[in-house]
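# Report on the structure
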Amino acid sequence: MGCYLCPRRCGADRTRAPGACGAGDTLRLARAELHFWEEPCISGQRGSGAIFFSGCTLRCTYCQNYEVSHKSYGIGITPERFREILYELKEKGAHNLNLVTADPYLAIIAPILREEKDKLGLPIVYNCSGYESQEQLRLLDGLCDIYLTDFKYADNSLGERLSGVPDYTDVLLRALPEMFRQVGACRFDGEGMMTKGVLVRHLVLPGCRKDSLAALTMLSDLVPIGDVRLSLMSQFTPNGHGEPSRRLTRFEYESVASKALLLGFEGYFQEFSSQTSDYTPDFHGQGVTK
Ligand code: SF4
């Protein structure tokens with residue numbers, strides 16, 4: 001039977017061959033470890049229990065996790081092993097469980113998470129591209145506590161050029177209101193850790209300053225600004241696989257950051273000097289097998 005789960009709707013029979021996202025019919029993980037490089041309200045002192053899934057429904061030319069997203073690096077595991085990993089991360093002290101690019105696997109993991117959520121007692125973070133179908137988001141309703149989503153582009157044509165899909169912005173503008181409907185305004189515990197809400201990431205890309213400015217305006221029109229947190233990122237580094245091939249300039253980043261402040265966004269504004277691959281974990285299947 002064909003898969004039509006994500007907005008690509010490629011119709012692949014995943015029992016025979018991987019779909020356009022690179023995912024087959026079994027779970028594949030690239031890494032399942034404590035992660036300290038998310039925003040402070042997600043990583044905290046003890047780290048976020050980050051589970052990196054193999055493959056991706058987008059094909060961003062500049063992806064910083066190229067081996068995982070484009071080359072589908074990962075280790076196949078059973079649903080039972082996935083269940084164990086959730087508890088192993090909790091035992092390691094994770095503040096939350098952070099599902100990174102889990103889109104192709106939602107039909108497999110959502111029932112497991114539903115069974116374990118109360119026993120785990122940790123917020124579930126859905127760390128995603130913003131390119132999620134309504135069907136995918138329905139699977140997360142009542143399950144996800146925090147949407148940590150990208151807002152990549154304000155214009156479909158840029159999404160087509162850089163991520164290989166014709167409708168990124170259209171899909172995102174349907175997905176964001178549904179995310180907000182499910183989890184509501186941002187909430188934090190006494191230690192400043194996020195417990196509910198939507199945290200929107202925007203990576204400022206070289207040569208795309210006007211699109212970034214438009215993205216901020218779109219987001220401010222979509223949701224009460226005090227209800228959301230923005231994470232504005234300058235960390236783009238050319239990955240050697242495609243455009244953009246140059247670094248971001250200080251002017252590009254600071255003009256976007258100024259606009260975000262002017263609009264009244266709260267959240268995280270990366271230092272301009274953060275252009276480094278240090279934020280990219282290496283992927284060797286850490287924590288995936290016993
Ligand atoms: S999740 Fe993967 S296999 Fe399913 S429709 Fe999307 S790209 Fe195709």
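See above for the structure.
Treat the numbers as computed from the prediction; the structure is a model and nothing was measured. (Residues numbered from 1 in each chain as written. Predicted model: local features only at pLDDT ≥ 70, side-chain atom pairs only at ≥ 80, totals over all residues. Heavy atoms only, no water.)

### Quick word on the site of the ligand
Quick note on the threshold: To be near a molecule or strand, a residue needs just one of its heavy atoms within 4 Å of it. In this count, Pro and Cys sit with the nonpolar residues alongside Ala, Val, Leu, Ile, Met, Phe, Trp and Tyr, while Asp, Glu, Lys and Arg are called charged and the others, Gly among them, polar.
Neighbouring the ligand are C3, Y4, L5, C6, R8, R9, C10, R14, G19, A20, C21 and P104. Broken down by class, the residue content of the shell around the ligand amounts to eight nonpolar, one polar and three charged.

### Notes on the pairing of strand β9 (residues 229-233)
Note the cut-off: The rule is simple: take the accessible area with a 1.4 Å probe, protein chains only, and divide by the maximum for that residue type; under 20% is buried, over 50% is exposed, in between is partly exposed. Helix numbering and strand numbering both begin at the N terminus, where a helix is a DSSP run of H or I of at least 4 residues and a strand a DSSP run of E of at least 2. For two strands to be treated as a pair, DSSP must find at least two bridges joining them. The handedness rule is simple: strands pointing away from the viewer, and a clockwise path from the first strand over the helix to the second, make the crossover right-handed.
Buried residues dominate β9, accounting for five of its five residues. Residues of β9 alternate between two faces, with R229, S231 and M233 on one and L230 and L232 on the opposite face, all of them buried. Taken together, the five bridges between strand β8 (residues 194-203) and β9 define a ladder with parallel strand orientation. The residue bridging R201 from the neighbouring strand is S231, located in β9. Crossover connection from β8 via helix α8 (residues 209-222) to parallel β9: handedness right-handed. By the bridge criterion, three bridges tie β9 to strand β10 (residues 267-269) in an arrangement that is parallel. Among the inter-strand pairings, S231 is bridged to a residue of β10, identified as Y268.

### Section: the nonpolar core
The line we're drawing: As used in this record, nonpolar core signifies buried Ala, Val, Leu, Ile, Met, Phe, Trp, Tyr and Cys residues forming a set joined through side-chain atoms within 4.5 Å. Residue contacts are defined here by distance: any two heavy atoms, one from each residue, within 4.5 Å place the two residues in contact.
By size, the foremost hydrophobic cluster in this structure holds 80 residues, and its most contacted members are I51, F53, F82 and L99. The leading source of residues in this core is helix α7 (residues 168-183), at eight residues. Apart from residues no more than four positions distant in its own chain, I51 is found in contact with L29, R31, A32, F82, I85, L86, L89, N98, L99 and V100. Core analysis: the second largest hydrophobic core is formed by eight residues, C41, I42, V125 and L199 among them.

### Quick notes on the pairing of strand β1 (residues 27-35)
Among the nine residues in β1, seven count as buried, and that is most of the element. Of the strand pairs in this sheet, β1 and strand β3 (residues 75-77) are connected by three bridges, and their pairing is antiparallel. Its bridge partner being in β3, L27 is matched across the sheet by I77. Judged from the six bridges that link them, β1 and strand β2 (residues 48-53) form a sheet pairing that is antiparallel. In the strand pairing of β2, E33 is matched with A50.

### A word on the packing of aromatic side chains
We apply this condition: What counts as a ring pair is set by centres within 6.5 Å for rings of Phe, Tyr and Trp (its six-membered ring), and what kind of pair is set by the plane angle: stacked under 30 degrees, edge-to-face over 60, tilted for all other angles. By the criterion adopted, a ring carries a charge over it if an Arg CZ or a Lys NZ lies within 6 Å of its centre and within 35 degrees of its normal.
Evaluated as defined, the whole model comprises nine aromatic pairs. With centroids separated by 5.1 Å and ring planes inclined at 70°, the aromatic side chains of F52 and F283 adopt a geometry described as edge-to-face. In this pair, F52 sits in strand β2 while F283 sits in the segment after β10, placing the two residues 231 residues apart along the sequence. Ring plane angle 15° and centroid distance 6.2 Å describe the contact between Y131 and Y168, whose orientation is recorded as stacked. Placement of the pair is Y131 in the loop between β5 (124-128) and α5 (134-140) and Y168 in helix α7, with a sequence separation of 37 residues. Per residue, the accessibility class of Y131 equals that of Y168, and both read buried. Ring pairing ties together the aromatic residues F53, F82 and Y105, which thus form one cluster. We note R14 situated over the ring of Y105; from NZ or CZ to the ring centre the distance is 5.9 Å.

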